[in-house]
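# Structural overview
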Protein chains: 2
Amino acid sequence: MSIELKTLTKSYKKNLALDRVSLTIEKGTICGLLGRNGAGKTTLVNLVGNRDFPTFGEVLLDGVNVRENDKALKKIYCMGADDLIPVNMKIKEVVSSMRYFYKSADLNYAEKLCKDFRLDMTKRLSQLSTGYRTIAKVIFAMASGADYIFLDEPTLGLDANHRELLYRLILERFEETEAAFVISTHLIDECAGLFERCFILREGTLIADEDSETLRSSAFVVDGKTEQVLLFTSGMEVISRSELGTLSSACVKGKPGNVPAGLEISKPSLQQLLIAMTADEKRG
Amino acid sequence: MSIELKTLTKSYKKNLALDRVSLTIEKGTICGLLGRNGAGKTTLVNLVGNRDFPTFGEVLLDGVNVRENDKALKKIYCMGADDLIPVNMKIKEVVSSMRYFYKSADLNYAEKLCKDFRLDMTKRLSQLSTGYRTIAKVIFAMASGADYIFLDEPTLGLDANHRELLYRLILERFEETEAAFVISTHLIDECAGLFERCFILREGTLIADEDSETLRSSAFVVDGKTEQVLLFTSGMEVISRSELGTLSSACVKGKPGNVPAGLEISKPSLQQLLIAMTADEKRG
């Protein structure tokens, strides 16, 4: 079972938000959907969830186009960055209305999550702070019973304790249900441990589609005296470089090979790698 | 020059959002306004900015109440978590209209910031992604020319590169203008270096008002074998404890005194300390 994006493209007037993106999301995986502000992550999720339509290309669920296809869409839940749920509804009303569309929505589980996060279900969405509004949306998504759950910035405005709780709950739910989770976030170091696979967008183009370990092993960081680092990396594909006094650090594609004494080699963190891979793109 | 909060209190029906908070914000300092989701941070900022009125207590600017006091309010800019600016306005329109209220708004500086963040000023707020909407609001605040600038979650939805850029710009602007910055954030480890002073709210009550270093020195972390940690900390004020196999870590108020061999003592990070000080409160 999988969702397949085929040359998915979306343009808004002169702006190409998504440019021929093809990728496959397998059920039973947690994926990171990563990229800078404005790279096209939300556009992608909106197209998958049928909130917007592609200019070109298609989204298939088990081979069938999801476009205006209710049966397919019932298997997909896309948490909204924008407020698609009437803000005057109470949490418990939203939860109990979920069954109209998501037949296998798990209302007991939604209640459990509200307890875990101490979210008062009698409150209206409009009464919640930024952090609690995110928590409410995450709860609707996690309890939807969908096979493919897209969480767009699920930590937006969450305090550190709540973020830790959320990561634990996602892992637990993943193990119980084997749903696919696609998580878009800017707190990459915190989430890196969750991701089995990473999709990286840059200016609307998919620049990486790899499992997290392969991705981290695709580059290395070398630290040392600037002149030595420059000499060692000459001819190599340097993706980012920073200097501090007489010392330098460079993130380089490929394998280090033989390393001269005086230089330190390490694996980049996923966040370091992403910063290096997506720095200096133009945005709007 | 300073803003003084005197027994500031706000209740919504049965909910006491802010309970007799007294504190002083001096010009020329960067302060952290910290606390969990729902602790009262946004309520506090709304009261200072006259977006809401206290049930009890007052906010004074240089001794004068700010309530419906335009002259005082022109010196304070509170970045909005909610959208108080019409979302159909273009960025450049918002910027050029700022002068109506904030006479010393710096339009050139706003333009510079838009360039730094690559924010297209011809776009409408409604066309921006979550991250870019935050960036736009931060730019309005930073360029307002106000003496007291409140930034409520200025990193909401910002990617890692943009967060680094923002921290650098805040420091630069602070050095140039000597304005006070009051920053409310949940990414405490990233911002800790900026804060000279910290205000910590817990369930609407101010539980700490100290300079950052004093705060971090007010507690210590002890790591080691669980039984040894338990023995060492017995009778001490333990604010949090975690276990991993046969090992334990405890965050303890006060000074460690004589430490037996086998135990490791370290300073808590600001985030660790905050998690310890604010864990397990009730919320809504």
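Remember, it's a predicted structure, so these values are computed and weren't measured experimentally. (Residues numbered from 1 in each chain as written. Chains lettered and ligands numbered in written order. Predicted model: local features only at pLDDT ≥ 70, side-chain atom pairs only at ≥ 80, totals over all residues. Heavy atoms only, no water.)

### So, the relation of the copies chain B and chain A
What counts, and what does not: The copies were overlaid by least squares, fitting only the C-alpha atoms of residues that reach a pLDDT of 70 or more in each copy. Every residue pair with non-hydrogen atoms within 4.5 Å of one another is taken to be in contact.
At an RMSD of 0.0 Å, chain B and chain A line up after a rotation of 180 degrees and a shift of 0.0 Å along the axis. The relationship between the two copies is best expressed as a two-fold rotation axis. Judged by C-alpha distance, B:L156 is the residue of chain B that lies nearest the rotation axis, at 3.1 Å. In this assembly the copies share their binding face: 100% of the residues contributing to the interface of chain B also contribute to that of chain A.

### Examining the domain arrangement of chain A
Residue and element names in this part refer to chain A. Let me state the cut-off plainly: The start and end points of each domain follow an automatic or database-based domain assignment. Throughout this description, the term salt bridge denotes a Lys or Arg side-chain nitrogen within 4 Å of a carboxyl oxygen of Asp or Glu. By the criterion applied in these results, polar contacts are pairs of N or O atoms within 3.5 Å in which, for protein atoms, one can donate a hydrogen and the other can accept it, and in which residues neighboring in sequence qualify only through two side-chain atoms. Secondary structure elements are defined from DSSP: runs of H or I of at least 4 residues count as helices, runs of E of at least 2 residues count as strands, and each element is numbered from the N terminus.
Per the domain assignment, the segments of chain A are domain 1 (2-214) and domain 2 (218-278). Here domain 1 and domain 2 have C-alpha centroids that lie 34 Å from each other. Taken residue by residue, the interface counts 17 residues in domain 1 and eight residues in domain 2. Our count for the domain 1 to domain 2 interface comes out at one salt bridge. K267 is the partner of E213 in a salt bridge, and the nearest nitrogen-oxygen pair spans 2.9 Å. For the pair domain 1 and domain 2, the number of links is six residue pairs in polar contact (both at pLDDT 80 or more). Counting only elements with at least two residues in the side of domain 1 that touches domain 2, the list comes to β3 (30-35), α7 (188-191), β9 (197-202), β10 (205-211) and α8 (212-217). Of all the elements, β9 adds the most residues to the side of domain 1 that touches domain 2, at four residues.

### Let's talk about helix α6 (residues 160-177) of chain A
Residue and element names in this part refer to chain A. Note the following rule: By definition here, a helix of n residues has an expected span of 1.5 Å times n minus one.
The end-to-end C-alpha separation of α6 is 26 Å, in line with the 26 Å expected for 18 residues at 1.5 Å each. The N-cap of α6, judged by a side-chain oxygen 3.2 Å from the amide nitrogen of N161 a few residues on, is D159. Trailing α6 by a residue or two, E178 shows a phi angle of about 60 degrees, which is positive.

### What about empty space enclosed by the protein?
Where empty space is left can be seen by rolling a probe of water-molecule size over the atoms. Inclusion rule: Residues are called lining when one of their atoms sits within 4 Å of a cavity or pocket point, these points coming from a 1 Å grid over the protein atoms alone, where a cavity is a set in which a 1.4 Å probe fits but cannot get out and a pocket is an open set with protein on both sides within 12 Å along at least five of seven lines. Grid points are joined across faces, edges and corners, and a volume is the space filled by probe spheres set on the points. Only Asp, Glu, Lys and Arg are considered charged, only Ala, Val, Leu, Ile, Met, Phe, Trp, Tyr, Cys and Pro nonpolar, and every remaining residue, Gly among them, polar.
Throughout the structure, instances matching the rule amount to four cavities of 30 Å³ or more. Within this model, the largest cavity holds a volume of roughly 130 Å³. Residue lining of the largest cavity: 17 residues in total, with A:T155, A:L187, B:T155, B:G157 and B:L187 positioned closest to the centre. Looking at side-chain class alone, the lining of the largest cavity contains six nonpolar, seven polar and four charged residues. In this structure, the second largest cavity spans a volume of roughly 50 Å³. If you trace the second largest cavity, you find it lined by A:D159, A:A160, A:N161, B:G35, B:R36, B:H186, B:I188, B:L274, B:I275 and B:T278. Breaking the lining of the second largest cavity down by element, the ones donating at least two residues are α6 of chain A together with α10 (270-278) of chain B.

### Describing the pattern of salt bridges
Heads up, the condition is: Relative accessibility thresholds used throughout: buried, under 20% of the residue-type maximum; exposed, over 50%; partly exposed, between the two (1.4 Å probe, protein chains only).
Under the defined criterion, the tally for this structure stands at 24 salt bridges over all chains. We note a salt bridge from A:E176 to A:R173, for which the minimum N-O separation is 3.5 Å. Of this pair, A:E176 and A:R173 are both found in helix α6, three residues apart, which corresponds to roughly one turn of the helix. The closest approach of N and O atoms between B:R168 and B:E172, which form a salt bridge, is 3.3 Å. Of this pair, B:R168 and B:E172 are both found in helix α6 (residues 160-177), four residues apart, which corresponds to roughly one turn of the helix. The partly exposed category is assigned to B:R168, whose relative accessible area is 47%. Among the residues examined, B:E172 registers a relative accessible area of 33% and is labelled partly exposed. When salt bridges with common partners are traced through the structure, they connect A:D106, A:R173 and A:E176 into a single cluster.

### With respect to the interface of chain B and chain A
Contacts between chain B and chain A engage 36 residues on the former and 36 residues on the latter. Inspection of the chain B/chain A interface yields two salt bridges. Notably, a salt bridge pairs B:D159 with A:R36, separated by 2.9 Å at the nearest N-O pair. In this assembly, chain B and chain A are joined by 14 residue pairs in polar contact (both at pLDDT 80 or more). At the level of elements, α5 (130-142), α6 and α10 of chain B are the ones that each hand at least two residues to the side of chain B that touches chain A. Per element, the largest residue contribution to the side of chain B that touches chain A is five residues, and it comes from α6(B). Its residues assigned to classes, the side of chain B that touches chain A shows twelve nonpolar, twelve polar and twelve charged.

### A look at the sheet that holds strand β1 (residues 2-12) of chain A
All names here are of chain A. Note the cut-off: Pairs of strands are assigned from DSSP output, requiring at least two bridges between the strands. Angles shown run from 0 to 180 degrees and are taken between the N-to-C directions of axes, each axis being a line fitted to C-alpha atoms and, for helices, limited to the stretch in contact.
Pairing in this open sheet of four strands is antiparallel, and the strands run β2-β1-β4-β5 from one edge to the other. The open sheet terminates on both sides in strands that have one partner only, identified here as β2 (15-26) and β5 (64-65). Of the pairings in the sheet, the one linking strand β4 (residues 56-61) to β5 comprises two bridges and is antiparallel in character. Its bridge partner lying in β5, L61 is registered against V64. Where helix α1 (residues 41-48) meets the sheet, its contacts fall on β1, β2 and β4, and the angle it forms with β1 comes to roughly 120 degrees.

### Concerning unusual backbone geometry
Residues and elements named next belong to chain B. In this structure, N50 is a non-glycine residue whose phi angle is positive, near 65 degrees. Inspection of the secondary structure puts N50 in the loop between α1 (41-48) and β4 (56-61). Unlike most non-glycine residues, E68 shows phi in positive territory, near 45 degrees. Within the secondary structure, E68 is located in the loop between β5 (64-65) and α2 (70-73). On the accessibility criterion, E68 (62% relative accessible area) is exposed.

### Re the layout of surface pockets
If you add up the space inside the second largest pocket, you get close to 760 Å³. Of all elements in the fold, only β12 (238-244), β13 (247-253) and α10 (270-278) of chain A together with α6 of chain B reach the threshold of two or more residues within the lining of the second largest pocket. Tallied by class, residues from the lining of the second largest pocket come to nine nonpolar, eight polar and eleven charged.

### Looking at the environment of A:I170
Residue and element names in this part refer to chain A. Its place among the elements puts I170 in helix α6. Relative accessible area serves as the criterion here: at 1%, I170 is assigned to the buried category. Distance in space between the C-alpha atoms of I170 and F181 is 8.4 Å, their sequence separation being eleven residues. Not counting the four nearest positions on each side in its chain, I170 is found in contact with I30, M142, L151, F181 and I183.

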